[in-house]
Amino acid sequence: MNRRFELELLFLAIFAAVPLYATQAISAPPLLAFHAVMTAVAARVAFGKSPEVIPAAVMRVFAIVYVPFYIIDAAAISRSAIAASTHLILFIAAYQAIESAKTRNTAQRLLTASLICTAGVATSTHIAILPFIVFFGFLLLRQLMHLSHEETIAMTGTLIAEPPSGRAASFYVIGALAIGTCLFPFMPRIRNPLLPGMTGPLSNATTGLSDSINLNETRSISSDATVVSRVWMGQETIPFFTPLRLKGTIYERFANNTWIQGRRDFIPLDGSDGTTRVARPEGFTRKAGVQQRFLIGSRLFLPVGSFEVSGAGQLAEGPTRDIFTVWSSHRDTIAYDVALARDTAPRRPQNVTVSDYPVTPAVRAMARQIAGSETDPMRQAGAVEAYLSQRFRYVADPSQIGRTMTVDQFLLHEHRGHCEYFAAGMVALMTALNVPARIVGGFYGGTLNPLTGYFVIRREDAHAWVEVWEGNSWQTFDPTPASLRPGNAHEGLLRVYAAAVADSINYFWDRHILTYGLGDQLALAVSLLESLRAASAAMTASLHTTALRRFMSLLAMLVVAGFVIVMMARRRRSLFDLLASHLHRLGIDVGPSMTTAEALHELRISHPTAAADLAPLIAMYEAERFSGKVERGRVRRIRQRLAGLSES
Amino acid sequence: MQARNPLHATDIHMPVTKQKWQFDGVVRLTRIGTAFVIFTVVIGFAAINTGNNSLYIGLSLMLGSLLLSGIASKDGLKQLAVEFDGVDDVWAMRPAHGRLRIRNRSRLWNVRDVIVTADELATPICISLINRGEEIIAHAMFSFRRRGLTRLTRVDLYTRYPFGFFLKKRRPRLAGDVIVFPRLLGDDIPRDRFRATEGELQSTNRIGGGTDIHSFRDYVRGDSLRRVHWKKSASLGRWIIKQTEIETGRSVHIVVDPYRPPHVSEESFEEMISEAATFLDDALKSGLEVAFSIPHVTLGSDRDGAVSMFRALALLESTREPVAQTVDRDSVIFTVAPSVGDRASGVGA
């Protein structure tokens, strides 16, 4: 095999495995081992040596040993059939590269590289996978062209130079992309229920939201621009429902210096027409659209004020109250609509109690001092919120404090911390005032994308705030100083627009590629039908004018006539066939070794008159066929005269 | 006078040269194509089962590649126009160099790795690349089984291009007539060769390429000026050509009798024609002057050239009735007609 193509084939397998680092479908050591072996093979090939970086005999022993190892790997080491299978494919790729010294196995190696690529693609959700697929496709098609050329040579046994295939491969990749783009929306999006869970999204996502707020551990916050959610709100909605708060989890119990979620079972919610009511609205309502990435199972991050959810499928309340989860989802991302109300109350009356935070006398005294003479819980909460946000200092990075602290220490001594301390401190103070309160974990603020008109909420917008029980509903309070909350950092205009462009591309990828499903297909079908109906109606309306109707009739006739002419021209027989056919009717069979002149000679014997008629035509035919002298209209004249003879 | 009957009737058919990969039909899935289709089905199953749109992207591209491969190879072959561009002297059962003119009429597809086969091609031709709108001349070795006028009616074009998933075939029409000269017998076939006897030149009283003047005639266009008899031309006031006599020892008269009695097979007749052609060829190669006769036609090597004699022999059809021909005592007659004794004594002598 051509060394350049051999190197390219090795690179193809190496390249195919690269996305696996990012998707973390398998751990790094096997990948590194694979790349080390393949790079060593490529280096040997580049220097004109055999690819046997490990002797082929040793590799065969490895292959035999690998069979039981695969089971051990799946059961005990990686504990995943998918990961173990990916390891196996990588081993096969390395084995084939080494074995190629003795066996011609290009086709098998291309198949293995494609399998590695599939493993990477199947576990990836980032848009960066698209250029990877295109480049991989380019290399694969070029290799296939090379293989096709080699097979052609093998078929004929003749050695012919291979034409350059770079441009051709580019041409076909673009073509395949164009066809693939057209096919993609129409692929059947019906999930087979027979083999659920064979593969699925592999999410190794981490989030700012955790199951608990453990104040015994040092918290660290790193900037993570991964988009969590995008929320569309019209101009009539934005003034009343911003800054956005997406509710992700609720901490309402305290134990061992840790705030934890209130446990409860998942309760399926009834819905009709794809709409599920999650709360009771109070006051005016508005609509919003949400596209959300699942970070914790299939939990929804609903904007505060949501009372109805549409298009998300079957919902359940859980794992704690007022938090909602999609009952069954195998996707990474979901799109749905919500109805927002100025105020909302729980669907059913709730048994609300004061949190179990162990209030110390000092904290109780502090709470009473802040509340003063206020007895109304909401006013008391307002006072506490104002006190904390004005008197306490927000520390964006908890590691700056350098040690852990309790809520009491935060309230009584430190007076500084990040949002969880502010929220926990307020709940402690409200508990001291005997008012039910809870910490809400979620996302806050977000950035308005000026290009697309939606708010982008990222992981770095994770935040904690407080809900206080009003007696009928939970009211939101946020003791963290407003100017220091997430999303309030000011950036330059250029950077804002650059981020907006990048996010718009990401949005398109997420919305129209990753989350494209049966619902979108139905919407597309409806849209196409409506367009067709509209076009048909417009045409019908325009056909009411007589002139246009005449024109269209004429056009249709011309098209039909043209079609008939083309079909007739296609069926046109050669002059020789026409002459032979005419001679056949006269009893002369023009055999394969008979010329028209000889046929004419025979005709002269049997039908002298017919021969006299045909002689000039045959002379014209011979001149047309053999003289090389071009005479315009000669063929037409022969055909016409021959047709005349046949009719007579 | 000598008569020559075919010594034996051999199989005139060429060995079958059909390649393993040739097939009847339009398309065949290759091994790699089968693997690709199976892989596509597996990915499709996984995509449908999981609803994973990343897999759907891969599936769309794979289907796109399959579709494109089919369209490219089909349309690429469809747009190839093949014309017969001539062939050098052709002898039955013997390779001859010829040319095919192949034009890619497509405005879109370049076509690569095209194999051209035909019954008349000795070996398949492999063409590396024909760019769109381009015309190439492919040189090929032709081989014909039978003498006579052969019409080239079709060639088969095969390609695996672009990705080798399919082996596509198309059979474009071809228009070309070739006169195939009779088969020449190989050196391994025992036959009598004509041997000239130097120094025993005798006049035969027939027009030929000798030195003695036989007669005079008027000049006609095409006559060599070297043959003008200047003295007579001057006296008569017009150009007069001298005709010389053929000389025995440096000349031979070959007569081919086309009569094939009912009990004689076509193969035997063809074998006789081959014998005659071989004899004629040997005579011409020996530098002899040849007069060649078939019914109603006598051709001379000096006047008509060797090609016309082989052409006549190529087109000679057997007859069901004996045909009278003038023969000399020294004429070499080729016939399959019943003869006197073992050796034919000639027909119509």
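These numbers come from a predicted model, not from an experiment. Per chain, residues are indexed from 1 in the order of the written sequence. By the order in which they are written, chains take letters starting at A while ligands take numbers starting at 1. Under the rules for a predicted model, residues below a pLDDT of 70 receive no local features and side-chain atom pairs below 80 are neither given nor counted, while totals for whole chains, interfaces and linings still include all residues. Hydrogens are left out, water is left out, and the side-chain values use all remaining heavy atoms of the structure.

**Quick notes on the overall build of chain A**
And step 1. Think of it this way: any DSSP run of H or I at least four residues long counts as a helix, any run of E at least two long counts as a strand, and we number them from the N terminus. Of the regular secondary structure elements, chain A holds 20 helices and 20 strands.
And step 2. Two residues form a contact once any of their heavy atoms are found within 4.5 Å. Looking at chain A alone, contacts between residues at least 24 apart form 73% of all its contacts between residues at least 6 apart.
And step 3. With the model as given, the accessible surface of chain A reaches about 32500 Å², and the carbon-plus-sulfur share is 60%. Note on areas: Shrake-Rupley, 1.4 Å probe, and residue coverage restricted to the protein chains presented here.

**With respect to the overall build of chain B**
And step 1. When helices and strands are counted, chain B shows five helices and 18 strands.
And step 2. With a 1.4 Å probe rolled over the protein chains alone, any residue whose accessible area is under 20% of its type maximum counts as buried; one over 50% counts as exposed, and the rest are partly exposed. Sorting the 349 residues of chain B into buried and exposed places 52% on the buried side.
And step 3. For chain B, restricting intrachain contacts to residue pairs at least 6 apart in sequence, the fraction spanning at least 24 positions comes to 71%.
And step 4. Element-wise, carbon and sulfur atoms account for 51% of the exposed surface of chain B, whose accessible area totals about 16800 Å².

**Notes on unusual backbone geometry**
Peptide bonds are, in most cases, trans, and in most cases residues other than glycine have a negative phi.
All names here are of chain A.
And step 1. Gly-318 connects to Pro-319 through a cis peptide bond whose omega is 10°.
And step 2. Look at Asn-256: it is not a glycine, yet its phi comes out positive at around 55°.
And step 3. By the secondary structure assignment, Asn-256 is in the loop between β3 (244-255) and β4 (258-261).
And step 4. Located in the positive-phi region is Asn-434, a residue other than glycine, with phi close to 65°.
And step 5. Residue Asn-434 is classed as exposed on the basis of its relative accessible area, which comes to 58%.

**Focus: the interface of chain A and chain B**
Accessible area lost upon the coming together of the parts serves often as the stated size of an interface.
And step 1. With 60 residues of chain A at the contact, the number on the chain B side is 54 residues.
And step 2. Buried area between chain A and chain B, both sides added, is near 5000 Å², and the carbon and sulfur share of it is 65%.
And step 3. In what follows, salt bridge is the name for a side-chain nitrogen of Lys or Arg lying within 4 Å of a carboxyl oxygen of Asp or Glu. There are zero salt bridges connecting chain A and chain B.
And step 4. We define a polar contact as two N or O atoms separated by no more than 3.5 Å, with the added condition that, inside protein, one atom must be a possible hydrogen donor and the other a possible acceptor, whereas residues neighbouring each other in sequence contribute only through side-chain atom pairs. Where chain A meets chain B, there are nine residue pairs in polar contact (both at pLDDT 80 or more). Accessible area, probed at 1.4 Å, shrinks when two parts are joined; the buried area is that loss added up over both.

**Quick notes on helix α8 (residues 166-183) of chain A**
And step 1. Here, expected helix span is obtained from the residue count minus one, scaled by 1.5 Å. The end-to-end C-alpha separation of α8 of chain A is 25 Å, in line with the 26 Å expected for 18 residues at 1.5 Å each.
And step 2. Buried residues of α8 of chain A: Ala-168, Ala-169, Tyr-172, Val-173, Gly-175, Ala-176, Ile-179 and Gly-180 of chain A, and no others. For α8 of chain A, the buried positions fall inside an angular range of 165° around the axis, keeping them on one side. Facing away from the buried side of α8 of chain A by over 90 degrees, the exposed positions are Arg-167, Ile-174, Thr-181 and Cys-182 of chain A.
And step 3. Contacts made by the buried residues of α8 of chain A are with α7 (129-156) of chain A together with α2 (53-78) and β5 (111-117) of chain B. In this description, one arc is meant: the one made by directions from the helix axis to the C-beta atoms.

**Digging into the packing of helix α4 (residues 56-77) of chain A against helix α5 (residues 81-99) of chain A**
All names here are of chain A.
And step 1. Here an axis means a line fitted to C-alpha atoms, over the contact stretch when the element is a helix, while the angle between two N-to-C directions is reported on a 0 to 180 degree scale. Between α4 and α5, whose axes approach to 10 Å, the crossing angle comes to 175°. One way to sum up the angle between α4 and α5 is to call them roughly antiparallel. Residues Ala-56, Met-59, Arg-60, Phe-62, Ala-63, Tyr-66, Tyr-70, Asp-73 and Ala-74 of α4 form the contact with α5, whose participating residues are Ala-81, Ala-84, Ser-85, His-87, Leu-88, Phe-91, Ala-94, Tyr-95, Ile-98 and Glu-99. When an angle is under 35 degrees it counts as roughly parallel; over 145 it counts as roughly antiparallel; between 65 and 115 it counts as roughly perpendicular; any other value is oblique.

**Quick word on the nonpolar core**
All names here are of chain A.
And step 1. Of all hydrophobic cores here, the largest spans 78 residues; its most connected members are Phe-34, Ile-116 and Tyr-172.
And step 2. Per-element accounting of this core gives the leading share, 11 residues, to α7.
And step 3. Not counting residues up to four positions away in its chain, the partners in contact with Ile-116 are Ala-13, Ala-16, Ala-17, Leu-20, Phe-34, Ile-89, Leu-90 and Ala-93.
And step 4. Among the nonpolar cores identified, the runner-up in size contains 44 residues, and Tyr-251, Phe-254, Tyr-357 and Ile-439 belong to it. Among the buried residues, those of types Ala, Val, Leu, Ile, Met, Phe, Trp, Tyr and Cys that are joined through side-chain atoms within 4.5 Å form a nonpolar core.

**Some words on the pattern of salt bridges**
Residues and elements named next belong to chain B.
And step 1. Taken as a whole and assessed by the stated rule, the structure comprises 25 salt bridges over all chains.
And step 2. Ionic pairing is found between Asp-88 and Arg-99, a salt bridge with its closest N-O pair at 3.7 Å. A residue pair is termed long-range when its members are at least 10 positions apart, and Asp-88 in the loop between β3 (80-87) and β4 (96-104) and Arg-99 in strand β4 qualify at 11 residues.
And step 3. Note that Arg-171 and Asp-156 form a salt bridge whose closest N and O atoms lie 2.6 Å from each other. In this pair, Arg-171 is assigned in the loop between β10 (166-170) and β11 (173-180) and Asp-156 in strand β9 (residues 156-159), connecting sequence segments 15 residues apart.

**Here we look at the packing of aromatic side chains**
And step 1. Only the six-membered ring of Trp is used, alongside the rings of Phe and Tyr, when aromatic pairs are assigned; centres must lie within 6.5 Å, and planes under 30 degrees apart are stacked while those over 60 apart are edge-to-face, with the rest tilted. Summed over the entire model, instances satisfying the criterion amount to 41 aromatic pairs over all chains.
And step 2. Aromatic pair Phe-91 of chain A and Tyr-95 of chain A: ring centres 6.3 Å apart, planes at 25°, arrangement stacked. Residue Phe-91 of chain A and its partner Tyr-95 of chain A are both found in helix α5; the two are separated by four residues, about one turn of the helix.
And step 3. Ring plane angle 55° and centroid distance 5.5 Å describe the contact between Phe-163 of chain B and Phe-165 of chain B, whose orientation is recorded as tilted.
And step 4. We classify Phe-165 of chain B as buried; its relative accessible area is 0%.
And step 5. An aromatic cluster is built from Phe-171 and Tyr-172 of chain A together with Phe-36, Trp-109, Tyr-161, Phe-163 and Phe-165 of chain B, whose rings are joined through pairwise contacts.
And step 6. Working rule: Lys NZ or Arg CZ, within 6 Å of ring centre, within 35 degrees of ring normal, means a charge sits over the ring. The lysine or arginine in question, Arg-245 of chain A, covers the ring of Trp-465 of chain A, its NZ or CZ lying 5.1 Å from the ring centre.
And step 7. Positioned above the aromatic ring of Phe-23 of chain B, the side-chain terminus of Lys-169 of chain B is 5.8 Å from the ring centre.

**As for the confidence of the model for chain A**
And step 1. Confidence scores here are pLDDT values: one per residue, from the predictor, ranging 0 to 100. Chain-level pLDDT for chain A is 84 on average; 92% of the residues reach the 70-or-more range.
And step 2. Below a pLDDT of 50 lies the segment residues 193-207 of chain A, which in the model reaches 22 contacts outside its immediate sequence neighbourhood of four places, other chains included.

**Focus: the side chain of Thr-249 of chain A**
Residues and elements named next belong to chain A.
And step 1. Its place among the elements puts Thr-249 in strand β3.
And step 2. Within the structure, Thr-249 has its side chain in polar contact with the side chain of Gln-261 (distance 3.0 Å).
And step 3. If near-sequence neighbours (up to four positions away) are discounted, Thr-249 is found in contact with Ser-210, Gln-261, Arg-299, Ile-323, Ile-439, Val-440 and Gly-441.

**Examining the sheet that holds strand β2 (residues 27-29) of chain B**
All names here are of chain B.
And step 1. Strands qualify as paired when DSSP identifies two bridges or more between them. In spatial order, the strands read β2-β10-β9-β5-β6; together these five strands make up an open sheet with antiparallel pairing. Both outer strands of the open sheet, β2 and β6 (125-130), are each paired with one neighbouring strand and no more. Each strand axis lies, on average, 25° off the axis of its neighbour in the sheet, ignoring direction.
And step 2. Judged from the three bridges that link them, β9 and β10 form a sheet pairing that is antiparallel.

**Considering a negative patch on the surface**
And step 1. Candidates for patches are residues over 30% relative accessible area with no salt bridge; among them, like charges are joined within 9 Å and nonpolar side chains (Val, Leu, Ile, Met, Phe, Trp, Tyr) within 5 Å. Neither His nor the chain ends is counted toward charge; the positive residues are Lys and Arg and the negative residues Asp and Glu. Where a charge lies is defined by one atom per residue type, namely NZ (Lys), CZ (Arg), CG (Asp) and CD (Glu). Together, Asp-343, Glu-374, Asp-376 and Glu-470 of chain A make up a region of like negative charge exposed at the surface.
And step 2. Counting through the fold element by element, Glu-374 of chain A comes out in the loop between α10 (361-371) and α11 (377-391).

**Focus: the environment of Pro-172 of chain B**
All names here are of chain B.
And step 1. Structurally, Pro-172 can be placed in the loop between β10 and β11.
And step 2. Pro-172 gets classed as buried once you look at its relative accessible area, which sits at 4%.
And step 3. Sequence separation of Pro-172 and Arg-154 is 18 residues, and the distance between their C-alpha atoms is 5.9 Å.

**Structural notes on the packing of helix α17 (residues 575-585) of chain A against helix α20 (residues 634-647) of chain A**
Packed helices, taken two at a time, are described by the angle between their axes plus the distance between the axes.
Residues and elements named next belong to chain A.
And step 1. At a closest axis distance of 11 Å, the pairing of α17 and α20 adopts a crossing angle of 20°. In terms of orientation, α17 and α20 fall into the roughly parallel class. As α17 packs across α20, the resulting crossing turns out to be left-handed. In this structure, α17 contributes Leu-575, Leu-578, Leu-579, His-582 and Arg-585 to the contact, and α20 contributes Val-635, Ile-638, Arg-639, Leu-642, Leu-645 and Ser-646.
And step 2. Classification used: nonpolar for Ala, Val, Leu, Ile, Met, Phe, Trp, Tyr, Cys and Pro, charged for Asp, Glu, Lys and Arg, polar for all others including Gly. Looking at the contact of α17 with α20, its residues break down into seven nonpolar, two polar and two charged. With the far helix as reference, a near helix turned anticlockwise by less than a right angle produces a left-handed crossing, and one turned clockwise produces a right-handed crossing.

**As for the sheet that holds strand β13 (residues 333-346) of chain A**
Residue and element names in this part refer to chain A.
And step 1. Ordered in space as β6-β7-β10-β13-β8-β2-β18-β17, the eight strands form an open sheet in which the pairing is antiparallel. The sheet is open, and its two edges are formed by β6 (271-272) and β17 (447-449), each paired on a single side.
And step 2. With five bridges connecting them, strand β2 (residues 227-233) and strand β18 (residues 454-458) associate as antiparallel partners. Within β18, the position partnered with Val-227 by the bridge is Arg-458.

**With respect to helix α1 (residues 31-50) of chain B**
All names here are of chain B.
And step 1. Spanning 20 residues, α1 covers 29 Å between terminal C-alpha atoms, matching the ideal 28 Å at 1.5 Å per step.
And step 2. Turning to α1, its buried residues number three or more, namely Ile-32, Gly-33, Phe-36, Phe-39, Thr-40, Ile-43, Gly-44, Ala-46, Ala-47, Asn-49 and Thr-50.
And step 3. After α1 finishes, the residue Gly-51 shows a positive phi value of roughly 70°.

**Looking at a nonpolar patch on the surface**
All names here are of chain A.
And step 1. Together, Leu-451, Leu-493, Tyr-497, Val-501 and Ile-505 line one region of the surface with nonpolar side chains, adding up to about 490 Å² of accessible area.
And step 2. You can see Ile-505 is positioned in helix α14 (residues 493-514).
And step 3. A relative accessible area of 47% means that Ile-505 is categorised as partly exposed.

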